[in-house]
Amino acid sequence: MSASTNQHPRIIPLLENGDLLSRAEFERRYQAMPYVKKAELIEGIVYMASPLRFQPHAEPHANLIGWLWSYKIATPGVRLGDNPTVRLDFDNEPQPDAVLLIDPNYGGQSRFSPDGYIEGAPELVIEIAASSASIDLRDKKRVYRRNGVKEYIVWQFIEERFDWFFLQDGEYISQTPDAEEIIRSQVFPGLWLSVSALLNGNMLQVIATLKTGIDSSEHQHFLQ
């Protein structure tokens, strides 16, 4: 009688901050840890988020989602994602706080994989930065620029700083508010933001400014 052999299933290693992994291995480990809500691969290095406080993250995040959602429902063909995993390239799989994209069927530059992930660069990416500000404004900014994210927003809540970058000739150009403290998207006509109102927590004014943008001729032309 031959000796029986015991075959043990291969144990999948846990994700750890600072791991240097391929995108495929990152996904394999991440999917084996369903209790982990946010992990990212940036330039081949794993970053895992700490538990999120109400401020400086959860409430500002909700306010931005409300602003983006109001635009989305008024603009057919535009899709909104909250914390989606984005397959950018072989070394980068971020999970931004929010993305606004044009549906591929309407000419958008990203697409959806058969297993439901975003592949390629969404038109607009938003990050809310606290302790991660250096990553968001350095490594991620470089990755998003290189992969063709057309607009990139970083809100440093504690510093009360709001950066809105527009991709032009391969470089990110910082957009500044006009005399009315409004920034207007270069990619999504009618997506207007009163920066001062947002920083002051005046969401009624934020939505009122957005409504003016949605009612503008630029937005109507975009719909057509």
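A brief structural summary. Computed from a predicted model, the values in this text were never measured in an experiment.

### Describing the pattern of salt bridges
Thought 1: For the coordinates displayed, the defined rule picks out 21 salt bridges.
Thought 2: Across the salt bridge formed by Lys 38 and Asp 97, the nearest N and O atoms sit 3.3 Å from each other. Placement of Lys 38 in the loop between helix H1 (23-31) and strand S1 (39-42) and of Asp 97 in the loop between strand S4 (86-87) and strand S5 (98-102) is noted, with a sequence separation of 59 residues between them.
Thought 3: Here Lys 38 falls in the buried class, since its relative accessible area comes to 17%.
Thought 4: Relative accessible area serves as the criterion here: at 2%, Asp 97 is assigned to the buried category.
Thought 5: With a closest N to O distance of 3.7 Å, Glu 43 and Arg 142 form a salt bridge.

### Topic: the environment of Val 195
Thought 1: Within the secondary structure layout, Val 195 lies in helix H4 (residues 195-199).
Thought 2: The sequence separation of Val 195 and Thr 176 amounts to 19 residues, and the corresponding C-alpha distance is 9.6 Å.
Thought 3: With residues near it in sequence (within four places) discarded, Val 195 still touches Phe 162, Pro 177, Glu 181 and Ile 183.

### A look at the sheet that holds strand S6 (residues 111-112)
Consider a sheet: its strands pair through backbone hydrogen bonds, and that pairing is either parallel or antiparallel.
Thought 1: One open sheet holds the three strands; their spatial order is S4-S7-S6, and the pairing between them is mixed. This sheet does not close on itself; its edge strands, each paired only once, are S4 and S6.

### Thoughts on the nonpolar core
Within soluble globular proteins, side chains that are nonpolar generally end up buried alongside one another.
Thought 1: Counting 29 residues, the largest nonpolar core has Trp 67, Phe 188 and Leu 191 as its most contacted members.
Thought 2: The set of elements that each furnish at least two residues to this core consists of helix H2 (54-73), S5, strand S8 (124-129), strand S9 (151-156), strand S10 (161-168), H4 and helix H5 (203-214).
Thought 3: If you tally residues by element for this core, the top one is H2, at five residues.
Thought 4: Excluding anything up to four places from it in sequence, Leu 191 contacts Trp 67, Leu 68, Tyr 71, Leu 100, Leu 124, Trp 164, Ile 183, Arg 184, Ser 185 and Leu 210.

### A word on the sheet that holds S9
Thought 1: The mixed open sheet is built from six strands, whose spatial order is S3-S5-S8-S9-S10-S11. For this open sheet the edge positions go to strand S3 (78-82) and strand S11 (171-175), each flanked by a neighbour on one side alone. Neighbour to neighbour, the strand axes of the sheet diverge by 20° on average, direction disregarded.
Thought 2: Looking at chain direction, S3 and S5 are connected through five bridges and run antiparallel. Pairing of Asp 82 across the sheet is with Ala 98, part of S5.
Thought 3: With respect to the sheet, H2 is in contact with S3, S5, S8, S9 and S10, its orientation differing from that of S8 by roughly 160°.

Rules used in this analysis
- Residues numbered from 1 in each chain as written.
- Predicted model: local features only at pLDDT ≥ 70, side-chain atom pairs only at ≥ 80, totals over all residues.
- Heavy atoms only, no water.
- Salt bridge = Lys/Arg side-chain N within 4 Å of Asp/Glu carboxyl O.
- Helix = DSSP H or I, 4+ residues; strand = E, 2+ residues; numbered from the N terminus.
- Buried < 20%, exposed > 50% of the residue type's maximum accessible area, 1.4 Å probe, protein only.
- Contact = heavy atoms within 4.5 Å.
- Pairing = 2+ DSSP bridges.
- Core = buried A, V, L, I, M, F, W, Y, C linked by side-chain atoms within 4.5 Å.
- Axes fitted to C-alpha atoms, helices over the stretch in contact; angles between N-to-C directions.

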